[in-house]
Amino acid sequence: MSTRPSSSRDASSYTRQPGATCLGNFLDTCYTGYMTSASKFEFIAGSPALCFVDSHGSRGGGGKERIETPQDLFDWLGSAGLAGECPQPVTQAELGQARNLREAIYRCSLCVIRGQDFAAGDVAMINRAALCPPLRPQLKHNALVHVAGRPVEAALSVLAADALGLFASPLRGRIRQCPQCAMIFVDRSRPGRRRWCSSAQGCGNRDKVRNSRKRRAGEEGRA
Ligand SMILES: [Zn+2]
C-alpha cells in the first residue's frame, strides 16, 4: 500500500514528463513492447486494455496473477503511465474493482476471438467503468499533469474506454490469443499475420527453435 497521507486524498494529480501525455507514454510502450525496470509487467499487447488483461499471465495453464495487492495495482498504473504522482493509496476495494473490470475485458476478448456474443453483465461492467470521469490534462508550471478526483476509477475509465473502442472498431478482427501462453493481444502488424505474443522473443521464438530442431533431426534421420 502507498504510505501517502490520506489528507491529500481530494487533490489527486498525475505528473508526467514535460510534453508527454499520459496515454501517449502508455501507447508508446504498447506498440514497441516494453517491460518495467522491475521486469514485473509487460506492455506488448498492442492496446492499454489488453495489456491490462495480460497483467494476469499464463492463462492457458495455472495462471500468474501479477496484480496481487493494492500496491501492485498502483505499480501497474504507474508503469502504464496512468498513475504518476497519485497521492492517495489504492484500496482493497479498488483492487477488486480493477480485477473485475480486467476479467470482464478478458472474457469479452475471448468472445471476439471465438465469434461469440458478449455476456450482458460483462458489457454492463465495462460500460459502467467507462462512464466514470477519466483523467484530464492540466498545465502546471509549463508541464502537463493529469488529474482526477478519484484516480483509480479515472484510470479504469481510460482502460474501459480503450476496450470499448477496440471491440467496436475494425481492429476487433485482429484480436488474437497466443497459442502457447494464451496471452491476448491485438495484431497491429501491416500483414496482420501475427500469431504469437512476441515474434522477437518468447513463444514465437521458442516455436521457431522447436521447428528447426525437428527439421535438423529429420535431416539427420534421412542421412
Ligand atoms: Zn505467448
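Not measured: the values here are computed from a predicted model.

## Thoughts on the overall build of the protein chain
The helix and strand inventory of the protein chain stands at 7 helices and 7 strands. If you list the helices and strands of the protein chain from N to C, you get β-α-α-β-β-α-α-α-β-β-α-β-β-α. Within the protein chain, the proportion of its 223 residues that are buried is 33%. Considering only contacts within the protein chain whose residues lie at least 6 apart along the sequence, 60% involve residues at least 24 apart.

## Observations concerning the nonpolar core
Core analysis: the largest hydrophobic core is formed by 46 residues, its most contacted members being Leu101, Ile105, Ile126 and Ala155. For this core, the secondary structure elements donating two or more residues are helix 2 (48-53), helix 3 (70-79), helix 4 (92-114), helix 5 (120-131), helix 6 (151-167) and strand 7 (184-186). Tallying contributions element by element places helix 6 first for this core, with 9 residues. Residues within four places of alanine 155 in sequence aside, it is in contact with Leu77, Leu82, Ala83 and Leu135.

## Some words on helix 4
Counted at 1.5 Å a residue, the expected span for helix 4 with its 23 residues is 33 Å, and the 33 Å between its end C-alpha atoms agrees. Every buried residue belonging to helix 4 is among Glu94, Ala98, Leu101, Arg102, Ala104, Ile105, Tyr106, Cys108 and Ser109, and all of these are buried. A positive phi of about 70° marks glycine 115, the residue just after helix 4.

## Topic: unusual backbone geometry
Within the chain, serine 58 stands out as a residue other than glycine whose phi angle is a positive 45°. Within the secondary structure layout, serine 58 lies in the loop between strand 2 (56-57) and strand 3 (64-65). Accessibility expressed as a C-beta count within 10 Å gives 12 for serine 58, which makes it exposed.

## Topic: the confidence of the model for the protein chain
In this model, the protein chain carries a mean pLDDT of 80, and residues with pLDDT of at least 70 account for 75%. Looking at the elements of the protein chain, mean pLDDT is at its lowest for strand 1 (residues 13-15), recorded as 35, and at its highest for helix 5, recorded as 98. pLDDT under 50 marks residues 1-25. Its contacts with residues more than four places away, or in other chains, come to 57 contacts. Counting contacts from residues 27-38, a segment whose pLDDT is below 50, to residues more than four positions away or on other chains yields 18 contacts.

## Regarding helix 6
Helix length check: helix 6, at 17 residues, gives a terminal C-alpha distance of 24 Å against a target of 24 Å (1.5 Å per residue), a fit within 8%. Among all positions in helix 6, only Pro151, Val152, Ala154, Ala155, Leu156, Ser157, Val158, Leu159, Ala160, Asp162, Ala163 and Leu166 are buried.

## Here we look at the pairing of strand 5 (residues 143-147)
One ladder, built from 5 bridges, connects strand 4 (residues 136-140) with strand 5; its direction is antiparallel. In the sheet register, leucine 139 faces strand 5, and the bridge partner there is leucine 144. The turn joining strand 4 and strand 5, which pair antiparallel and follow one another in sequence, is formed by 2 residues; a positive phi near 50° is taken by histidine 141.

## Examining the environment of alanine 182
Mapped onto the fold, alanine 182 is located in the loop between strand 6 (175-177) and strand 7. It is 9.3 Å that separates the C-alpha atoms of alanine 182 and aspartate 54, two residues lying 128 residues apart in sequence. If we ignore the near neighbours within four places in the chain, the residues touching alanine 182 are Arg59, Gly60 and Gln177.

Rules of the game
Residues numbered from 1 in each chain as written. Predicted model: local features only at pLDDT ≥ 70, side-chain atom pairs only at ≥ 80, totals over all residues. Helix = DSSP H or I, 4+ residues; strand = E, 2+ residues; numbered from the N terminus. Buried ≥ 20, exposed ≤ 12 C-beta atoms within 10 Å, placed from the backbone. Contact = placed C-beta atoms within 7 Å. Core = buried A, V, L, I, M, F, W, Y, C linked by C-beta atoms within 7 Å. Expected span 1.5 Å × (residues − 1). pLDDT = per-residue confidence, 0-100. Pairing = 2+ DSSP bridges.

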